[in-house]
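So the chains spell out like this:
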Amino acid sequence: MNYPADFRYSKDHEWFKMIDDSTGAIGITHYAQDQLGDVVFVELPEIGKKLEKNDVFGVVESVKAAVDCYMPLSGEIIAINELIEKQADILNSDPHGEGWMIKVRIDNPDEGSDLMDKAAYLAFLEELE
Amino acid sequence: MTSLKRTGLYDAHLRSGGKIVAFAGWKMPVQYSSIIDEHQTVRTAAGMFDVSHMGEVLFSGPDALANIQMLVSNDISKLKPNRAVYTGMLYPGGTFVDDLLVYRLSEDTFLLVINAANTLKDYEWMRDNIRGNLVCENVTDQYTQIAVQGPNSIEILKKLTPVDLASIRYYRFERDSVAGVDSIISRTGYTGEPGFELYFDATFSDKVWDAVLETGNNFGLKPAGLGCRDTLRLEAGMALYGNDIDDQHTPLEAGLDWIVKLSKDDFIGKSALVEQLQKGLTRHLIGFELTERAIPRKGYEIFSGNEPIGEVTSGTLSITLGKPVGMGYVRHGFESLGTNIEIMVRGKKFPGRVVALPFYSRTRGN
């Protein structure tokens, strides 16, 4: 699976992508969806909601389990992916693309300094195996 | 994971792309392709499960029957050879040690099939409570158990055994060869579909597995993991030890009255159940469905309005029915079919109602 080089990754298996200087997109990684198995339900936040780094922004439920998703940076929700509310399995088939979950206006990009780049995340996954 | 046990089919699972997880002290495949795909395959064609982690205890000798009668709640004395029965093994307080199948292999030989997580506990319980002229032996590691389940299961196994499978009725079994290996061929299962459970010498694990896989290929059979075993049994309204039944609940509370024969001579737990009946039950295991899309899970609270009335023991988004279903215990008075309930899911209540079990039944024409 291709982990995009321009994404940053959290230890909770969320990804973060800068869209421009002040906004970004957030989703769960290929590894996360693979661990969960068939995703059947996604709960997303309301647009306009302000969340702190490490706050729960949503829930992904598979047949097996429900897991919380955490904000990799603080920010305001400016868009949610309504497509995955109807077709949750997109999180399995395209977690890094069509399966994005939310878009946020970020408070401070420096908060993302603890996120991993692609190489670090792949090394992190290696350790988990 | 080094201390986990492997079944004789561990390598076969890796060959089929099984995703291995720790389960009840074993390394077992939770899925191969996906839970949803395997679930639907069992409902529409056939699936093959490795359930060798289940425990088997062999009772033999002149006093075997009398001892099993004392250990379990159902009546084994009326069980003829080549038949099996589902029953409970209870503590003196009437709650479950385990639920199990008892196979009568001959007049004085019985195979008791128990849950993997309970095998050692059960075996110890049995040893502590038997007396007289009999042998009670844990033979779990000697057996491989494979479940072939689904509407195509008969057609597939027909090609591998000389037995007239169609003549084996539900909860009966024959002993004959499957793919050249002596097996117990049992018309039982945990999926709500027609199917068979095969028990045979673990030395021949791959031989039978590979033969069923190859023959089944033309009939849409796929290997199926523990993930869909759980979603299938839940749709079929079958209780799972550790979820829906346990050492805190009795078979009467679980709605399993039919496995309790108070008319037979004494058995462990009988007096407690008689007393429970006299006093009246205070809680009941129910089936429920939700009218909005949310997934009920074990441990979630059940409400009637603002009043907490119980707890979910199993729940899922039913793959066959496309709606959330579950089981749980509620206080007496809330168990009638149609009763409105709510399930608390992450701080929000979702409406539902008590419905009849099973949620899915092939003969009902779902």
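Everything numeric here is computed off the predicted structure, so don't read it as measured data.

1. A short note on the overall build of chain A
1) Next: On a plain count of helices and strands, chain A comes out with four helices and nine strands.
2) Next: Along chain A, helices (α) and strands (β) appear in the sequence β-β-β-α-β-β-β-β-β-α-α-β-α when read from the amino end.
3) Next: Scaling as 2.2 N^0.38, a compact globule of 129 residues should have a C-alpha radius of gyration of about 14 Å, and chain A matches this with 13 Å.
4) Next: The principal-axis extents of the C-alpha atoms in chain A amount to approximately 35 × 35 × 20 Å.
5) Next: Taking all 129 residues of chain A together, the buried fraction comes to 50%.
6) Next: Summarising the internal contacts of chain A: among those between residues at least 6 apart in sequence, 62% fall at separations of at least 24.
7) Next: When the accessible area of chain A is evaluated, it comes to approximately 6,300 Å², of which 45% is carbon and sulfur surface.
8) Next: Charge separation in chain A, taken as the distance between the mean sites of 11 positive and 27 negative side-chain charges, equals 3 Å.

2. Here's the deal with helix H8 (residues 270-279) of chain B
All names here are of chain B.
1) Next: Residues Lys270, Ala272, Leu273 and Gln276 constitute the buried set of H8. Along the axis of H8, the buried residues cluster in a sector spanning 160°; they form a single face. Those residues of H8 that are exposed and aimed more than 90 degrees away from the buried face are Ser271, Gln278 and Lys279.
2) Next: On its buried face, H8 is in contact with strand S6 (83-90).
3) Next: Glycine 280 lies just past H8 and shows a positive phi near 95°.

3. A few points about helix H7 (residues 226-235) of chain B
Since the α-helix packs 3.6 residues into each turn, any two residues three or four apart lie on the same face.
Residues and elements named next belong to chain B.
1) Next: Taken across its 10 residues, H7 has nine buried, putting it largely inside the fold.
2) Next: Residues of H7 that are buried include every one of Leu226, Gly227, Cys228, Arg229, Thr231, Leu232, Arg233, Leu234 and Glu235, and no others.
3) Next: A positive backbone phi angle near 70° is found at glycine 237, which sits one or two residues after H7.

4. Quick word on the sheet that holds strand S7 (residues 96-106) of chain B
By way of backbone hydrogen bonds, the strands of a sheet pair with one another, either parallel or antiparallel.
Residues and elements named next belong to chain B.
1) Next: Spatially, S6-S7-S8-S5-S9 is the arrangement adopted by the five strands of the open sheet, whose pairing is antiparallel. Each of the sheet's edge strands pairs with one partner strand only, and the pair in question is S6 and strand S9 (135-138). Neighbouring strand axes in the sheet, compared pairwise and without regard to direction, differ in orientation by 25° on average.
2) Next: Here helix H4 (residues 119-129) sits on the sheet in contact with strand S5 (55-60), S6, S7, strand S8 (109-114) and S9, set at roughly 170° to S9.

5. Section: the packing of helix H2 (residues 35-44) of chain B against H7 of chain B
All names here are of chain B.
1) Next: Remark: H2 packs on H7, axes separated minimally by 8 Å, with the N-to-C direction vectors making an angle of 50°. In this view, H2 runs oblique relative to H7, as classed from their interaxial angle. The element H2 and its partner H7 pack so that their crossing is right-handed. In this structure, H2 contributes Ile35, Glu38, His39, Val42 and Arg43 to the contact, and H7 contributes Gly227, Cys228, Thr231, Leu232 and Glu235.

6. A short note on the environment of proline 324 of chain B
1) Next: Take proline 324 of chain B: it is sitting in strand S18 (residues 324-331).
2) Next: In this structure proline 324 of chain B touches Phe288, Glu289, Leu290, Glu292, Arg293, Ala294, Pro296, Thr316, Leu317 and Ser318 of chain B, once residues within four positions along its chain are discounted.

7. With respect to unusual backbone geometry
1) Next: Residue proline 358 of chain B is reached from leucine 357 of chain B by a cis peptide bond, and omega for that bond is 0°.
2) Next: Mapped onto the elements, proline 358 of chain B comes out in the segment after strand S20 (348-355).
3) Next: If you check the backbone angles, asparagine 54 of chain A has positive phi at about 75° while not being a glycine.
4) Next: Tracing the backbone through its elements, the reader meets asparagine 54 of chain A in the loop between strand S5 (50-51) and strand S6 (56-62).
5) Next: The class for asparagine 54 of chain A is exposed, based on a relative accessible area of 51%.
6) Next: Here the phi dihedral of arginine 346 of chain B falls at roughly 50°; this positive angle occurs in a residue that is not glycine.
7) Next: Assignment of secondary structure puts arginine 346 of chain B in the loop between strand S19 (340-345) and S20.
8) Next: In this structure arginine 346 of chain B comes out as partly exposed when scored by relative accessible area, which is 31%.

8. What about the nonpolar core?
1) Next: Within the largest apolar cluster, 49 residues are counted, with the highest numbers of intra-cluster contacts made by Phe49, Tyr103, Leu111, Tyr199 and Ile245 of chain B.
2) Next: Mapped by element, the contributors of at least two residues to this core are strand S4 (39-43) of chain A together with H2, S6, S7, S8, strand S10 (143-149), H7 and S18 of chain B.
3) Next: Looking at which element gives the most residues to this core, the answer is S7 of chain B, with four residues.
4) Next: Residue-level mapping places this core at the junction of two domains, with at least three residues from each of domain 1 (5-52 + 141-235) and domain 2 (282-364) of chain B.
5) Next: If we ignore the near neighbours within four places in the chain, the residues touching isoleucine 245 of chain B are Tyr86, Phe96, Asp99, Ala239, Leu240, Ala254, Leu256 and Tyr329 of chain B.

9. Looking at the domain arrangement of chain B
Interfaces are frequently sized by the accessible area removed from exposure as the parts join.
All names here are of chain B.
1) Next: Looking at chain B, the domain boundaries give domain 1 (5-52 + 141-235) and domain 2 (282-364).
2) Next: A straight line from the C-alpha centre of domain 1 to that of domain 2 covers 30 Å.
3) Next: Contact residues are listed per partner, giving 13 residues for domain 1 and 12 residues for domain 2.
4) Next: For the pairing of domain 1 and domain 2, the buried interface totals around 1,000 Å² over both sides, and the portion due to carbon and sulfur atoms is 60%.
5) Next: Area buried by domain 1 at its contact with domain 2 is led by Arg43, Leu234 and Glu235, which between them contribute 58% of it.
6) Next: Across the contact surface, domain 1 and domain 2 share one salt bridge.
7) Next: Notably, a salt bridge pairs glutamate 193 with arginine 362, separated by 2.4 Å at the nearest N-O pair.
8) Next: Looking at the side of domain 1 that touches domain 2, the elements with two or more residues in it are H2 and H7.

10. Details of the packing of aromatic side chains
Residue and element names in this part refer to chain B.
1) Next: Within this structure, the stated rule accounts for 12 aromatic pairs over all chains.
2) Next: Judged by centre distance (5.0 Å) and plane angle (75°), the ring pair of tyrosine 91 and tryptophan 125 falls under edge-to-face. Linking tyrosine 91 in the loop between S6 and S7 with tryptophan 125 in helix H4, this pair joins segments that are 34 residues apart in sequence.
3) Next: With relative accessibility at 22%, the residue tyrosine 91 sits in the partly exposed group.

11. A closer look at the pattern of salt bridges
1) Next: Summed over all chains, the structure comprises 23 salt bridges over all chains.
2) Next: Between aspartate 34 of chain A and lysine 19 of chain B there is a salt bridge; the shortest N-O distance is 3.6 Å. Note that aspartate 34 of chain A is positioned in helix H1 (residues 30-36) and lysine 19 of chain B in strand S2 (residues 19-23), a pairing that runs across two chains.
3) Next: Look at lysine 19 of chain B and you get partly exposed, because its relative accessible area is 21%.
4) Next: Of the charged contacts, one joins lysine 222 of chain B and aspartate 37 of chain B as a salt bridge, the two residues approaching to 2.8 Å between their closest N and O atoms. In this pair, lysine 222 of chain B sits in strand S14 (residues 221-223) while aspartate 37 of chain B sits in helix H2, placing the two residues 185 residues apart along the sequence.
5) Next: Taken together, the shared-partner salt bridges connect Glu43 and Glu61 of chain A together with Arg297 and Arg346 of chain B into one network.

Thresholds applied
- Along every chain, residues carry numbers that run from 1 in the direction the sequence is written.
- Chains carry letters and ligands carry numbers; both start at the beginning, A for chains and 1 for ligands, and go up in the order they are written.
- Since the coordinates come from a predicted model, pLDDT governs what is reported: local features require at least 70, and pairs of side-chain atoms require 80 or more to be given and counted, while whole-chain, interface and lining totals use all residues.
- Side-chain numbers here rest on the full set of heavy atoms in the structure, without hydrogens or water.
- The helix and strand labels rest on DSSP assignments: H or I over at least four residues marks a helix, E over at least two residues marks a strand, and numbering proceeds from the N terminus.
- Two things to know: the radius of gyration comes from C-alpha atoms, and the globule rule equals 2.2 Å times the number of residues to the power 0.38.
- Accessibility here uses a 1.4 Å probe with only protein chains present; expressed as a share of the type maximum, an area under 20% marks a residue as buried, one over 50% as exposed, and anything in between as partly exposed.
- Any two residues whose heavy atoms approach within 4.5 Å at even a single point are treated as in contact.
- In these tables, accessible area is a Shrake-Rupley quantity obtained with a 1.4 Å probe, and a residue counts as shielded only by the protein chains included in the view.
- Residues counted as positive are Lys and Arg, residues counted as negative are Asp and Glu, and His and the chain ends are not counted.
- Here the site of a charge means NZ on Lys, CZ on Arg, CG on Asp, or CD on Glu.
- Think of it as the arc spanned by the lines of direction from the helix axis to the C-beta atoms.
- Strand pairing is assigned whenever DSSP identifies at least 2 bridges connecting the two strands.
- Between N-to-C directions, angles span 0 to 180 degrees; the directions come from axes that are lines fitted to C-alpha atoms, helices contributing only their stretch in contact.
- Angular relationships are summarised with four words: roughly parallel below 35 degrees, roughly antiparallel beyond 145, roughly perpendicular across 65 to 115, and oblique for the angles in between.
- Crossing handedness is read from the near helix: turned anticlockwise from the far helix by less than a right angle, it gives a left-handed crossing, and turned clockwise, a right-handed one.
- Buried Ala, Val, Leu, Ile, Met, Phe, Trp, Tyr and Cys residues form a nonpolar core when they are joined through side-chain atoms within 4.5 Å.
- What marks off one domain from the next here is an automatic or database domain assignment.
- Accessible area that two parts lose when put together, with a 1.4 Å probe and added across both, is what the buried area reports.
- What makes a salt bridge here is a side-chain nitrogen of Lys or Arg within 4 Å of a carboxyl oxygen of Asp or Glu, nothing more.
- Between 30 and 60 degrees the pair is tilted, below 30 it is stacked and above 60 it is edge-to-face, where a pair is any two Phe, Tyr or Trp rings, Trp via its six-membered ring, whose centres lie within 6.5 Å.

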